[in-house]
Structure formats: C-alpha cells, structure tokens
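For reference, the chains in residue letters:
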Amino acid sequence: MTHAACGSEKSASFERTWGSSASSGYCSDDESDSEFEQYFTARTSFFPKTRARDADVGARVKQDEQTAWGKQELTTADIQQKVKEYNAQINSNLFMNMNKDGSFTGFIKVQFKLARPVSVPPPKKGGQEAGGRKASGVKRRTSFYLPKDASKHLHISSRTSAREVIEVLLKKFTVVDNPGKFALFERSERHDQVYVRKVSDNESPLRLRLCTGPNEKVLSFVLKENETGDVNWHAFSMPELKNFLLILQREEEEHVKQIVQRYAQARAKMREAVAGSTPG
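Residues numbered from 1 in each chain as written. Predicted model: local features only at pLDDT ≥ 70, side-chain atom pairs only at ≥ 80, totals over all residues. Heavy atoms only, no water.

Caption draft 1: Region of interest: the environment of L154. On the secondary structure map, L154 appears in strand β10 (residues 151-157). Distance from L154 to L169, taken between C-alpha atoms, is 8.2 Å for residues 15 residues apart in sequence. (Helix = DSSP H or I, 4+ residues; strand = E, 2+ residues; numbered from the N terminus.)

In structure tokens form, the structure reads like this:
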C-alpha cells in the first residue's frame, strides 16, 4: 500500500480546459457518437525532428548516467542527521519527518515531459455512466496533450517505490493509460552537463531526494514515456492504434507532398534554364 498523497502546493490540473494550449489539435463533439475516442493529435509525430536531435546534442544530454545516490547504507542516526540537514536548507513547509520505525516521509516534485497524449475518462453526459461507459457498454476515453510545464508535488514515504509514484500520479490526474507506458527519470546538472537516468521500479525516490538535498539542479524527477527502444504496440488500445495509423498516414502524405513539390520546383528551374540558354 502506498503512502503517497497530494501535496499542498497547487499545480496544473486536468480539469476540462479544452481550450488550453495543451489541447491544440482536433476534436469534435459532433463526431463523438461515431468515434470510440476523441484525440488531440495535431502535434504528434512518430519521427524525430532534426532540430530536436541537434538540441539534444547541443545540451549534451547523457542517458542512463549511473549514480550512487540512494545506494548508500544509512543507519537510523545517519537518516536523522540528513533529515535535519535537509530541513535546514528549504524555505517552504515541505519538510521531511522521521517515523518511529526508522522510515521517513516528505515531498518530491515530479515534472511531466510527455511527448504523446494521455487518456482520461470523457466528460459525463446524458445516458453515460460513471467510469466512461455509455449505456451501450462501449468504453470511451478522451486523449489530449499535457502542458509541458505541468508538475506535481507528492507526499510519500521512504518505502514508496518509483512504480508506486507513477501509479499515484496517474491516479491523481485520472489518467487511464497503462502505467507500464511511463517511467520515472532523475535529472541532474553537473559540470555544465545534463545527466538523465531511469529510476528502477523498486528504487525509493524520497531516499534519492534526501541523499542529494533539496536543490532541483542537483536532482529533479521527470515523468516520461517508458522508451525501451521498441514500442510495445500491444500495450495500446484498438482506438489508439487506429489513431496512430491515421497520424502515420498524414505524415506520409505530407512527406510525399514535400518531395513532389521539391522535384517540381527543380524541374521548373531546369526548364527555365534550358529555355533561356543560347544554342551552340
């Protein structure tokens, strides 16, 4: 059982702000009867952009940089001392507290850096039951983009695992996607470089927070898609897969259109050169 709970600090919520920048894309309530799900997919792309790749190289981001944080063997006295030092460094009420059993509780902040839309239950309408099911029994969901600057404070225990943190975050925002699609990463800045490491499911994020201190540059937590190299398409629902196929089709058509225009322009310039050239 997880001890995680929502912190007191307000952050971005998933109330139905369909007009926000995070929801840019296409969605029509008029078409909701003929579609299993509503999607906001205007900014979705399956192919990495060269500019984004160059930015990553320029920032010198290194994936899976191994650190010793959180792996230190600490006695109860060590933990008490670190909690005392931690609390002396913060300027808010997000303190850590020791428990009699040797565990401790405190707050962590998690930033959302998701490239793909998340799915939530649709707004309740007439004839629709709780849990996103219509009278016909067909499950419905709404998918939209999460704001890039969204974050959440969670009050957790030192015994709360990274996997439990992910599950609690999704539950707080009523996200119905498979938790296996997401992973928790630690991000740190050292020597003008950015290091990113995937936190294993059984690691304690609060222990990592305690060992590194409250400085977000030294360590911060980021929720991202669980990229393992190959996409596990079986983890997606049928409406999601159909939507991805639609995205691929539109991207393919756009690429074909650009190539045709490029060759047409080159052909026109060649013909102009031929027509303006002097024989001999």
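Caption draft 2: View of the packing of aromatic side chains. Counted by the stated rule, this structure contains one aromatic pair. Ring geometry for F112 and F173: centres 5.3 Å apart, planes at 80°, overall edge-to-face. Residue F112 is found in strand β5 (residues 104-112), and its partner F173 is found in the loop between α3 (162-172) and β11 (182-190); the two are separated by 61 residues along the sequence. No difference in accessibility class separates F112 from F173, as the two residues are buried. The ring of Y195 has R190 lying over it, and the distance from NZ or CZ to the ring centre is 4.2 Å. The cationic tip of K224 hangs over the ring face of F185; the distance from NZ or CZ to the ring centre is 5.1 Å. (Phe/Tyr/Trp six-rings, centres within 6.5 Å; stacked < 30°, edge-to-face > 60°. Buried < 20%, exposed > 50% of the residue type's maximum accessible area, 1.4 Å probe, protein only. Lys NZ or Arg CZ within 6 Å of the ring centre and 35° of its normal.)

Caption draft 3: Broad picture of the packing of helix α2 (residues 76-89) against helix α4 (residues 205-212). Remark: α2 packs on α4, axes separated minimally by 9 Å, with the N-to-C direction vectors making an angle of 70°. Comparing the axis directions of α2 and α4 gives the class roughly perpendicular. Between α2 and α4 the crossing geometry is left-handed. Residue-level contacts link I79, K82, V83 and Y86 of α2 to R209, L210 and C211 of α4. (Axes fitted to C-alpha atoms, helices over the stretch in contact; angles between N-to-C directions. Parallel < 35°, antiparallel > 145°, perpendicular 65-115°, else oblique. Left-handed = near helix turned anticlockwise from the far one by under 90°. Contact = heavy atoms within 4.5 Å.)

Caption draft 4: Examining the nonpolar core more closely. Judged by nonpolar contacts, the single largest core of 36 residues is most densely connected at I108, V110, F112, V165 and L184. Listed by contribution, the elements that provide at least two residues to this core are α2, β5, β6 (118-120), β10, α3, β11, α4 and β13 (220-225). Sorting elements by how many residues they give to this core places α3 first, with six residues. (Core = buried A, V, L, I, M, F, W, Y, C linked by side-chain atoms within 4.5 Å.)

Caption draft 5: Highlighting the environment of I79. Here I79 lies in helix α2. On the basis of relative accessibility, which here comes to 7%, the residue I79 falls in the buried class. As for I79 and G102, which are separated by 23 residues in sequence, their C-alpha atoms are 8.2 Å apart. For I79, the contacting residues outside a window of four places in its chain are L74, M98, G102, F104 and L210.

Caption draft 6: Molecular detail of α3. Among all positions in α3, only A162, R163, V165, I166, V168, L169 and L170 are buried. Where α3 is buried, its residues meet β5, β10, β11, α4 and β13. Phi turns positive, to about 55°, at T174, one or two residues after α3.

Caption draft 7: Structural detail: the pattern of salt bridges. Under the definition given, this model contains eight salt bridges. Of the charged contacts in the structure, one is a salt bridge between K181 and E240, with a shortest N-O distance of 3.3 Å. One end of the pair, K181, is in the loop between α3 and β11; the other, E240, is in helix α5 (residues 238-276), with 59 residues separating them in the sequence. Judged by relative accessible area, which is 13%, K181 ranks as buried. Accessibility expressed as a relative area gives 4% for E240, which makes it buried. Of the charged contacts in the structure, one is a salt bridge between E186 and R197, with a shortest N-O distance of 2.9 Å. Taken together, the positions of E186 in strand β11 and R197 in strand β12 (residues 193-198) put the pair 11 residues apart, joining distant regions of the chain. As far as the burial class goes, E186 and R197 line up, both buried. Here the salt bridges share partners, and the residues they tie into one network are D177, K181 and E240. (Salt bridge = Lys/Arg side-chain N within 4 Å of Asp/Glu carboxyl O.)

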